[in-house]
Amino acid sequence: MEYQIALLPGDGIGPEIVREAKKVLEKIGNVYGHAFSFREALVGGAAIDATGAPLPQETLRIVRESNAVLMGSVGGDAKNPATARWYQVDPKLRPEAGLLGLRKGLGLFANLRPAYLYPQLADACPLKKETVPGGFDMVIVRELTGGLYFGERGTQTVDGVRRAFDTCVYDEKEIRRVAVKAFDIAMKRGRKLLSVDKHNVLDTSRLWRQVVEEVGADYPQVALSHMYVDNCAMQLVHDPGAFDVVVTDNMFGDILSDEASMITGSIGMLPSASLNETKFGVYEPSHGSAPDIAGKGIANPIATILSAALLLRYSLDLEEEAKAVEAAVEKALEAGYRTADIAGVGTVAGQAAADGGGISTGQMGDVIAGCIG
Ligand code: IPM
Ligand code: MG
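Since this is a predicted model, take the numbers as computed values, not measurements.

Peer 1: Explain the site of ligand 1 here, please?
Peer 2: Around ligand 1 lies a shell formed by Glu96, Arg103, Arg113, Arg142, Tyr149 and Asp254. Within the contact set of ligand 1, an oxygen atom lies 2.9 Å away from a side-chain nitrogen or oxygen of Asp254. For ligand 1, the protein covers 72% of the area, taking 320 Å² as the surface of the free molecule.

Take a look at the structure:
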């Protein structure tokens, strides 16, 4: 088969990490006999510099002609002179608007953010050992195209007093489709689904809970439970092993997924997938563009490589190939290879992993590609 993949490297470390994920996909193509044809397009600050817009029409066109998108990251640092210009404009023209436009424009309503503790990197977990006796393995399904992010907003001055507002709106269709995705994922995992809301205060949360329960009636095998978002934030650091599949709205999912990634101790390891109703998806690391280490060749490419594995699984239906990528990452970790962010973390064959400053981004890509086939 031939597959069209759009590459959107974006800003900061984006180009470096996407290069390694492409390397791994090319290896998969060679070993399993697939032809991947890659087309690069601009997004974020890189697109602003070249065209004046964070999401050029040309990019949307290339993306729409592709089976899936592999993205790096967008954004810079408003205080860094090298990227400050991206932030001295209307918020609608900033790099992040490119990402939000891509999500909305392609209807990517379901954002899957796994968070698991690699046994090899368990020492990186900032929680006490007794809090995570058996590690944890969860996936947060975040609604991505509705809620507070896309409601009406504004800033006004009324009688000399500045005020601003953002509105949170959900209709039942938006809730139902993401709930269905989450139940489907729960069916393939531990058949447990936790829906997180603020039902005691918000109308959107009351509708959310009702609709999730209605969808749950179609999934009698899945044990559905509910939790308030504030309690969930506590439970994530109290007993992360209790979580399996979590579904929640856009804003809560943004916050909880950052918290979940932090307790893995290595944000450079976590992939994500943003899906719509078709097989199409945008795959990107859960971390940001890390402008502070951009261009140094020390970024960890694993989150992007694992995002490529999700791309193989969800958009191309290549489960065996997806597993091969995931196994290659485990093999590389098991053999003791570490980039700088995780250098010295964990054990290798019973001994502490070496802390030699870590291998480069490119070397990590080579090692992982070398573990395939
Ligand atoms: C994320 C990011 C984005 C979000 C920003 C960059 C707009 O934090 O993907 O979680 O808030 O969704
Ligand atoms: Mg976020």
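Once the structure has been displayed, the description carries forward.
Peer 1: Sorry if this is basic, but what is going on with the side chain of Arg103 here?
Peer 2: Residue placement: Arg103 occurs in helix H4 (residues 95-105). An unpaired buried charge is present at Arg103: no salt bridge exists, and Glu284, the closest side chain of opposite charge, is 4.1 Å distant. The contact partners of Arg103, leaving out residues within four places of it in the chain, are Leu108, Arg113, Arg142, Leu144, Thr145 and Glu284.

Peer 1: How should I be thinking about the nonpolar core in this particular structure?
Peer 2: Burial of nonpolar side chains together is a common tendency in soluble globular proteins. Ranked by internal contacts, the top residues of the largest apolar core, which has 64 residues, are Leu70, Leu312 and Ile368. Top element by residues in this core is helix H9 (residues 302-314). It accounts for eight residues. For this core, the domains that each give at least three residues are domain 1 (1-110 + 276-373) and domain 2 (126-263). Among residues more than four places away in sequence, those in contact with Ile368 are Val24, Ile302, Ile305, Ala328, Val329 and Ala332.

Peer 1: I keep staring at unusual backbone geometry and nothing clicks. Help me out?
Peer 2: What is expected of a backbone is that most residues other than glycine have negative phi and most peptide bonds are trans. Positive phi values are uncommon outside glycine, yet Arg191 reaches one of about 55°. Structurally, Arg191 is set in the loop between helix H5 (172-188) and strand S8 (192-197). For Ala290, which is not glycine, the phi dihedral falls at a positive 40°. By the secondary structure assignment, Ala290 is in the loop between strand S12 (281-285) and H9.

Peer 1: When you look at the domain arrangement of the protein in this model, what are you seeing that I'm missing?
Peer 2: Assigned domains of the protein: these are domain 1 (1-110 + 276-373) and domain 2 (126-263). For domain 1 and domain 2, the distance between their C-alpha centres works out to 25 Å. Contact residues are listed per partner, giving nine residues for domain 1 and nine residues for domain 2. Roughly 1000 Å² of surface becomes buried between domain 1 and domain 2 when both sides are summed, with 65% attributable to carbon and sulfur atoms.

Peer 1: Is there a simple way to think about the pairing of strand S2 (residues 35-40) in this case?
Peer 2: Remember that side chains alternate between the two faces of the sheet whenever the strand is regular. Sheet topology note: the strand S1 (residues 2-10)/S2 ladder contains six bridges and is parallel. The partner of Glu2 across the bridge, within S2, is Ala35. Running through helix H1 (residues 14-32), the crossover from S1 to the neighbouring parallel element S2 is right-handed.

Peer 1: Sorry if this is basic, but what is going on with the sheet that holds strand S10 (residues 245-248) here?
Peer 2: The strand order across the open sheet built from ten strands is S2-S1-S3-S12-S11-S4-S5-S10-S8-S9, with neighbouring strands paired in mixed fashion. Single-partner strands in this sheet number two, and they are S2 and strand S9 (223-228). Each strand axis lies, on average, 25° off the axis of its neighbour in the sheet, ignoring direction. In the sheet, strand S3 (residues 68-73) pairs with S12 via two bridges, with the strands oriented parallel.

Peer 1: What am I meant to see in the packing of helix H7 (residues 229-238) against helix H8 (residues 250-262) here?
Peer 2: Each pair of packed helices can be summarised by the angle the axes make with each other and by the distance between the axes. Here H7 crosses H8 at 10°, and the two axes come no closer than 10 Å. By the angle between their directions, the pair H7 and H8 is classed as roughly parallel. Where H7 approaches H8, its residues Val229, Cys232, Ala233, Leu236 and Val237 are matched on the opposing element by Phe252, Leu256, Glu259 and Ala260. In the contact of H7 with H8, the residues fall into eight nonpolar, no polar and one charged.

Peer 1: Would you take a moment to explain the state of the cysteines for this structure?
Peer 2: In a disulfide, the sulfur atoms of two cysteines are held together by a covalent bond. Per the counting criterion, the structure on display carries zero disulfides. Cys232 supplies the cysteine sulfur nearest to Cys125, a cysteine that is in no disulfide, at a spacing of 16 Å. For Cys232, a relative accessible area of 2% gives the class buried.

Peer 1: Sorry if this is basic, but what is going on with the packing of H5 against helix H6 (residues 203-216) here?
Peer 2: One way to put it is that H5 packs onto H6 with a least axis distance of 9 Å and a crossing angle of 50°. Viewed along their axes, H5 and H6 adopt a mutual orientation that is oblique. As H5 runs across H6, the sense of the crossing is right-handed. Listed contacts from H6 to Glu172, Ile175, Arg176, Val178, Ala179, Val180 and Phe183 of H5 are Leu207, Trp208, Val211, Val212, Glu214, Val215 and Gly216.

Peer 1: Can you help me understand the environment of Gly268 in this one?
Peer 2: Its location among the elements puts Gly268 in the loop between H8 and strand S11 (271-275). For Gly268 and Ile302, which are 34 residues apart along the polypeptide, the C-alpha to C-alpha distance reads 6.6 Å. Contacts of Gly268, omitting those with residues within four sequence positions, involve His287, Asn300, Ile302, Ala303 and Asp341.

Peer 1: Any chance you could explain the side chain of Ser266 here in plain terms?
Peer 2: Here Ser266 lies in the loop between H8 and S11. Classification of Ser266 by relative accessible area gives buried; the value is 5%.

Peer 1: Please explain the environment of Leu318 as it appears in this structure.
Peer 2: Within the secondary structure, Leu318 sits in the loop between H9 and helix H10 (319-334). With relative accessibility at 9%, the residue Leu318 sits in the buried group. Expressed as a C-alpha distance, the spacing of Leu318 and Tyr32, which sit 286 residues apart in the sequence, is 10.0 Å. Leaving out residues up to four positions away in the same chain, Leu318 has contacts with Tyr3, His34, Leu312 and Arg313.

So, how was this worked out
- Residues numbered from 1 in each chain as written.
- Chains lettered and ligands numbered in written order.
- Predicted model: local features only at pLDDT ≥ 70, side-chain atom pairs only at ≥ 80, totals over all residues.
- Heavy atoms only, no water.
- Near = heavy atom within 4 Å.
- Polar contact = N/O pair within 3.5 Å; in protein donor to acceptor, adjacent residues only side chain to side chain.
- Areas by Shrake-Rupley, 256 points an atom, 1.4 Å probe, with all protein chains shown as cover.
- Helix = DSSP H or I, 4+ residues; strand = E, 2+ residues; numbered from the N terminus.
- Buried < 20%, exposed > 50% of the residue type's maximum accessible area, 1.4 Å probe, protein only.
- Lys, Arg positive; Asp, Glu negative; His and termini not counted.
- Salt bridge = Lys/Arg side-chain N within 4 Å of Asp/Glu carboxyl O.
- Contact = heavy atoms within 4.5 Å.
- Core = buried A, V, L, I, M, F, W, Y, C linked by side-chain atoms within 4.5 Å.
- Domains from an automatic or database assignment.
- Buried area = accessible area lost by both parts, 1.4 Å probe.
- Pairing = 2+ DSSP bridges.
- Right-handed = clockwise from strand over helix to strand, strands pointing away.
- Axes fitted to C-alpha atoms, helices over the stretch in contact; angles between N-to-C directions.
- Parallel < 35°, antiparallel > 145°, perpendicular 65-115°, else oblique.
- Nonpolar A, V, L, I, M, F, W, Y, C, P; charged D, E, K, R; others polar.
- Disulfide = S-S within 2.5 Å.
- Left-handed = near helix turned anticlockwise from the far one by under 90°.

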